[in-house]
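Chains, contacts and geometry: an overview
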Amino acid sequence: MTVALIELGEGTQLRTWTTGSVIPQRFPVVMLHGGPGVRDYLAPVAGIIEDLCLVHRYDQRGTGGSSWEGEHTIARHVEDLVLLLDAWGHDRVVLVGHSFGTNLAGYFLLAHPERVAGLIQIAGPFLDPWREADRAAQRARRTDDQQIRLDELEAQKSRTEVEEIEYLTLAWSTDHADRTRAWEWALTSARTLRPINYAMNAQLSAAKKAGPLELHVDELRQLLPPGAVIIGGAGDSRPADALRRLGTRLNCEVIIIPNAGHHPWLEAPDQFGAALRAAVEAQTQRAG
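Remember, predicted model here, so these are calculated numbers, not experimental data.

Topic: the side chain of His-263
Turning to its location among the elements, His-263 is positioned in the loop between strand S8 (253-257) and helix H11 (264-267). Taking the relative accessible area as the measure of exposure, His-263 reaches 14% and is therefore buried. Among residues more than four places away in sequence, those in contact with His-263 are His-98, Asp-175 and His-176.

Given below as structure tokens:
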């Protein structure tokens with residue numbers, strides 16, 4: 001694995017990881033993590049496919065090892081990806097997005113379709129309406145005491161480190177379908193993904209609402225590369241039907257994995273791995 005800081009100009013550096021090997025017959029893969037506002041966590045997903053092609057990951061600006069302060073916009077993060085592709089020397093790549101990363105991949109496709117050879121979307125993007133169903137599922141997965149404590153912590157102006165870990169664990173535990181391990185997985189994420197860039201989260205969430213991908217579904221359908229696929233979990237608190245509706249409108253394959261949540265590689269590693277590998281093998285193949 002190669003770890004590198006890539007200079008984007010004006011003193012901004014993004015932390016990147018590169019695994020796998022250059023295979024002339026295959027396009028490289030670039031993974032886009034979710035959040036927004038957390039560092040990259042997709043190393044386990046990269047490990048599933050790194051024997052097939054070159055795989056890049058990076059901390060989005062303002063997270064992890066990509067320190068930066070300023071106003072976050074969708075356009076800025078799209079341009080960051082352009083600059084990374086140029087630095088890596090890639091004209092075209094296969095994008096693999098997860099959660100918010102699927103939104104970023106969609107915005108990138110709209111702005112630079114000529115750079116996208118393939119598209120694999122994991123646990124997103126969700127086509128409205130989905131938020132009410134998500135909130136209901138989250139509430140059903142928390143006890144009354146857990147919900148009261150979450151509301152208390154969220155209302156605080158500041159939280160200690162211990163309180164922040166508790167808050168994130170309560171918030172993220174509903175992502176998982178396996179309720180016997182949900183708290184364990186959420187606690188691990190809470191301990192390893194801090195600090196959260198809450199300003200980045202608020203700014204990019206507002207930008208998504210101001211310019212939602214739903215307004216561009218017809219354009220996305222025209223730009224979608226052949227073989228694009230959406231992979232979701234049937235046990236995600238976010239409704240799988242929202243992914244199916246999007247797939248229908250995009251004329252795109254949708255794979256819903258039973259007994260898996262928002263991070264399907266944790267709960268259904270074999271089924272998810274098989275689906276991901278098949279999609280990567282198909283989409284990274286260069287014509288001729």
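Anyway, onward from the coordinates.
Re the sheet that holds strand S3 (residues 29-32)
Where strands meet in a sheet, backbone hydrogen bonds hold them as pairs that are either parallel or antiparallel. Within the open sheet, the eight strands sit side by side as S1-S2-S4-S3-S5-S6-S7-S8. Their pairing is mixed. The sheet terminates laterally at strand S1 (2-9) and S8, the two strands that pair on one side only. Each strand axis lies, on average, 25° off the axis of its neighbour in the sheet, ignoring direction. Most of the contacts of helix H3 (residues 100-111) go to strand S6 (residues 116-122), to which it runs at about 155°, and overall it touches S3, strand S4 (55-58), strand S5 (93-98) and S6. Contacts from helix H10 (residues 240-250) reach strand S7 (229-233) and S8 within the one sheet, and its direction differs from that of S8 by about 165°.

Regarding helix H8 (residues 198-210)
Taking 1.5 Å as the rise per residue, H8 with 13 residues should run 18 Å; its terminal C-alpha atoms sit 18 Å apart, in good agreement. The N-cap residue of H8 is Asn-197: its side-chain oxygen and the backbone nitrogen of Ala-199 are 3.4 Å apart.

Concerning the pattern of salt bridges
Scanning the entire structure with this criterion turns up 16 salt bridges. The salt bridge involving Asp-175 is made with Arg-238; its shortest N-O contact spans 3.1 Å. Pair noted here: Asp-175 is in the loop between helix H6 (161-172) and helix H7 (182-192) and Arg-238 is in the loop between S7 and H10, with a separation of 63 residues, a long-range link. Across this residue pair, the class does not change: Asp-175 and Arg-238 are buried. For Asp-241, the salt bridge identified is with Arg-244, shortest N-O distance 2.7 Å. Here the residue Asp-241 and the residue Arg-244 both occupy positions in helix H10, the gap between them amounting to three residues, near one helical turn.

Brief notes about the state of the cysteines
Applying the stated rule across the entire model yields zero disulfides. The cysteine Cys-53 is free of any disulfide, with Cys-252 supplying the nearest cysteine sulfur at 19 Å.

Structural notes on the packing of aromatic side chains
Under the criterion given, the structure shown has two aromatic pairs. When the ring of Phe-126 is compared with that of Trp-130, the centres are 5.4 Å apart and the planes differ by 35°; the resulting orientation is tilted. Between Trp-265 and Phe-272 the ring centres are 6.0 Å apart and the planes differ by 50°, which places this aromatic pair in the tilted class. Accessibility expressed as a relative area gives 0% for Phe-272, which makes it buried. In this structure, Arg-61 packs its charged tip against the face of Trp-68, placed 4.5 Å from the ring centre. Sitting over the ring of Tyr-167, Arg-159 keeps its end group 3.9 Å from the ring centre.

Thresholds applied
- Residues numbered from 1 in each chain as written.
- Predicted model: local features only at pLDDT ≥ 70, side-chain atom pairs only at ≥ 80, totals over all residues.
- Heavy atoms only, no water.
- Helix = DSSP H or I, 4+ residues; strand = E, 2+ residues; numbered from the N terminus.
- Buried < 20%, exposed > 50% of the residue type's maximum accessible area, 1.4 Å probe, protein only.
- Contact = heavy atoms within 4.5 Å.
- Pairing = 2+ DSSP bridges.
- Axes fitted to C-alpha atoms, helices over the stretch in contact; angles between N-to-C directions.
- Expected span 1.5 Å × (residues − 1).
- Polar contact = N/O pair within 3.5 Å; in protein donor to acceptor, adjacent residues only side chain to side chain.
- Salt bridge = Lys/Arg side-chain N within 4 Å of Asp/Glu carboxyl O.
- Disulfide = S-S within 2.5 Å.
- Phe/Tyr/Trp six-rings, centres within 6.5 Å; stacked < 30°, edge-to-face > 60°.
- Lys NZ or Arg CZ within 6 Å of the ring centre and 35° of its normal.

Purely geometric numbers; function is a separate question.
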